[in-house]
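Spelled out, the chains give:
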Amino acid sequence: MPELIPERKPTNRLLLGPGPSTTDPRILRALSEPTVGHLDPEFLRIMNETMAMLRYVFETENKLTMAMSGTGSAAQETPFLNLLEPGDKAIVCVHGYFGERMVDMAGRAGADVTVVEKPMGQAIDPEQVADAFKKANGKVKLLSIVHAETSTGVLQPLDDIVKITHDNGALIVVDTVTSLGGVSVGTDRNHYYFVYSGTQKALSCPPGLGPITVNEAAVKAIQERKTKVHSWYLDLSMIMRYWGQERFYHHTAPVNMVYALHEALRIIQEEGLEARFARHRLNRDALIAGLQAMGLKLVVDDGYRLPTLTTVYVPEGIADAAVRGALLNDYNIEIGGGLGALKGKIWRIGLMGYSSTKRNVLTLLTVLETILGGMGYKMPQGAGTAAATAVYTK
Ligand SMILES: Cc1ncc(COP(=O)(O)O)c(C=O)c1O
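Just so it is clear, the model here is predicted, and its values are computed rather than measured.

**Structural notes on the site of the ligand**
And step 1. Surveying the vicinity of the ligand reveals 13 residues, the closest of which are T71, G72, S73, T150 and V177.
And step 2. If one sorts the elements of the shell around the ligand by residue count, helix α3 (residues 72-83) sits on top with 3 residues.
And step 3. Residue composition of the shell around the ligand, by class: 4 nonpolar, 8 polar and 1 charged.

What follows is the structure, encoded as C-alpha cells:
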C-alpha cells in the first residue's frame, strides 16, 4: 500500500479559459445529491426533464435529444460513426483544431473525406463549400462544420453553407461545443441535421456529458444503415432505446452528471435564452473594449467574434507562458494559450455561462494591466478597465 494519500484540496480557480468554465455552485450541489439506480423511476423522470430542457436550449422539437455519456469528443465522434458507412463521401470544413479532428473521425468511420480549409482565425467561405460539392464525384452523404471554433474564437456564419448542403441532398452536422447556452444555436430554425455539444463550456457544468440532437432525416439515415456502427458504446440505435420509452439497458448512465446537467438547464430556463445570449454579448463587448484600449490586437475580425471566447495576440516582447503563469499562480485565474499554429502567439479568454460576468471582466482586465505593466508593456494607465466600464454604463 502507498503512504496514506492526503485529501484533495483543489484550488477554487476563476476559469476564464477555453473550457471548462467555472462550475455554478448550484450545479456542484446537484452533483452531490444521492445517487439512485439508472433505471429508478425518479431518475427516468429526471432524464425526461433533461431531454425536454435540452430541446429548449438546442431550440428544437427533435425527439432524439439527449446526452451522450462521455465528454464533447464522444458527442463529436457520434455523428461520424452513426451516419457514415465505409466508402461514403463526406465534406469536412476545417478552420481550426476541432475541424481537423473531424477529418480524422470521418476517416476512421471509413468515409472518403474532402477537406474545405481556411487559415486559423478566419471563417469558411460558402463558395468553398459550393465548389467542394461541384467537384465531388458522386453523392456526398454528410457535411460537418464547427459553429464556434474554440481554437480561434471564430463564430462561423452558417446560413449559406446550410442551404448549399441541403441543395446537394447532404446531412449537415454542426459542432456547438463552445456555443450551446451562450450563443443561439437554433437547430430547427437553421435546419441542422445533427448537432452536438459538451457540458463544460457555456452550460457551466463539469466536463463529462455530450448533449446531442438529431432530426428525423438523420435518424432515418441511421436506421437505414447497411452495416453495423463500428463502435458498440456510441451506437445510437442502441442508446436511443435507453433514453426512449423502452428504457432498454445499454450502459449505466452517469447519474450524478445527469443531475448536474439537469440543474444547469434549469438555470438557463430561469434566465431565459435571449437574456443569456445578451449577457454573453455584453461581457464580450466590454472585454474587447478593455483589451483594445490596452493596445492589444484581436485575432478575429469584427462580425466573426464569439460571445463566449475572445482571442487576442500576445504583445511583442511579452512571454506568453509567464503571463498565464502569473495569472494562475498569483491570482488563481486561468486563461488559455494558443493551439497548433497559434501556440505561443495568442491568448484565449473564455466568458462562458457562469463565468460570463461584469465582475470577471473587470477583475481580469485589472490583473492583466498589473501583470503586463510589471513586465514593461507600455499602455495608458487604467485604460482597459475604464473602456470596459464605459461599455457597461452606455
Ligand atoms: C469545438 C470543440 N469540439 C469538440 C471538443 C471536444 O470536447 P471535450 O474536450 O469535452 O471532449 C471541444 C473541446 O474543447 C471543442 O471546443
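Still more to cover.
**Some thoughts on the pairing of strand β4 (residues 112-117)**
And step 1. In the sheet, strand β3 (residues 89-94) pairs with β4 via 6 bridges, with the strands oriented parallel. By the bridge assignment, A90 is partnered in β4 with V113.
And step 2. Crossover handedness for the path β3 to helix α4 (residues 97-108) to β4: right-handed.

**Here's the deal with the nonpolar core**
And step 1. Formed by 118 residues in total, the largest nonpolar core has its most connected members in A90, V92, A106, L171, I172, F194 and A264.
And step 2. Here this core gets 8 residues from one element, more than from any other, and that element is helix α9 (residues 255-271).
And step 3. What F194 contacts, discounting residues up to four positions off in sequence, is P79, L83, L171, V173, V214 and A218.

**Overview of the domain arrangement of the chain**
And step 1. Looking at the chain, the domain boundaries give domain 1 (25-269) and domain 2 (273-393).
And step 2. Put simply, the middle of domain 1 and the middle of domain 2, counted by C-alpha atoms, are 29 Å apart.
And step 3. Taken together, the contacts link 22 residues of domain 1 with 21 residues of domain 2.
And step 4. For the side of domain 1 that touches domain 2, a count of residues per class yields 10 nonpolar, 11 polar and 1 charged.

**Observations regarding the sheet that holds β4**
And step 1. Strand order in this open sheet of 7 strands is β2-β10-β9-β8-β5-β3-β4, and the pairing throughout is mixed. Here the strands that pair on one side only, and so sit at the sheet edges, are β2 (64-69) and β4. Averaged over all pairs of adjacent strands, the angle between strand axes in this sheet comes to 20 degrees, irrespective of strand direction.
And step 2. Both strand β5 (residues 140-146) and strand β8 (residues 171-175) contribute to a ladder of 5 bridges, which runs parallel. Across the sheet, residue S144 finds its bridge partner in β8, namely V173.
And step 3. The strands that helix α5 (residues 126-135) touches are β3, β4 and β5; relative to β4, the one it contacts most, it runs at about 155 degrees.

**With respect to the packing of helix α2 (residues 41-58) against α9**
And step 1. For the pair α2 and α9, interaxial distance at closest approach is 9 Å and the crossing angle is 40 degrees. Classified by the angle between their axes, α2 and α9 sit oblique to one another. When you trace α2 past α9, the crossing you get is left-handed. Here α2 contributes F43, I46, M47, E49, T50, M53, L54, Y56 and V57 to the contact with α9, which in turn contributes V255, V258, Y259, L261, H262, L265, R266, I268 and Q269.
And step 2. Looking at the contact of α2 with α9 residue by residue, the class counts come to 13 nonpolar, 3 polar and 2 charged.

**Brief notes about the sheet that holds strand β13 (residues 336-337)**
Whenever strands of a sheet pair, they do so through backbone hydrogen bonds, lying parallel or antiparallel.
And step 1. Read across the sheet, 3 strands follow the order β11-β14-β13 without closing on themselves; strand pairing throughout is antiparallel. Where the open sheet ends on each side, the last strands, each with one partner, are β11 (309-313) and β13.
And step 2. As judged from the 5 bridges shared by β11 and strand β14 (residues 346-350), these two strands associate in the antiparallel manner. Opposite L309, over in β14, you have G350 as the bridge partner.

Procedures and definitions
Every chain is numbered on its own, with residues counted from 1 as its sequence reads. Only residues with pLDDT of at least 70 are given local features in this predicted model, and only at 80 or more are side-chain atom pairs given and counted; all residues enter the totals for whole chains, interfaces and linings. Each residue gets a C-beta atom placed from its backbone. If that atom is within 6 Å of a molecule or strand, the residue is near it. For the purposes of this entry, the term helix denotes a DSSP run of H or I that reaches at least four residues, the term strand denotes a run of E that reaches at least two, and both are numbered from the N terminus. All residues other than Ala, Val, Leu, Ile, Met, Phe, Trp, Tyr, Cys, Pro, Asp, Glu, Lys and Arg, Gly among them, are scored as polar; the first ten of these are nonpolar and the last four charged. We treat two strands as partners when DSSP finds at least two bridges between them. Handedness rule for crossovers: strands pointing away from the viewer, path from the first strand over the helix to the second running clockwise, crossover right-handed. Nonpolar cores are built from buried Ala, Val, Leu, Ile, Met, Phe, Trp, Tyr and Cys residues. These are joined into a set through C-beta atoms within 7 Å. Neighbour density around each residue's C-beta defines its exposure: 20 or more other C-beta atoms within 10 Å make it buried, 12 or fewer make it exposed, and counts between make it partly exposed, where C-beta atoms are placed from the backbone. Two residues form a contact once the distance between their C-beta atoms, set from the backbone, is within 7 Å. Domain delimitation in this document rests on an assignment produced automatically or drawn from a domain database. In this analysis an axis means a line fitted to C-alpha atoms, helices contributing only their contacting stretch, and an angle means the value between N-to-C directions, from 0 to 180 degrees. In these notes the angle categories are as follows: under 35 degrees is roughly parallel, over 145 is roughly antiparallel, 65 to 115 is roughly perpendicular, and the rest is oblique. Less than a right angle of anticlockwise turn of the near helix away from the far helix marks a crossing as left-handed, whereas a clockwise turn marks it as right-handed.

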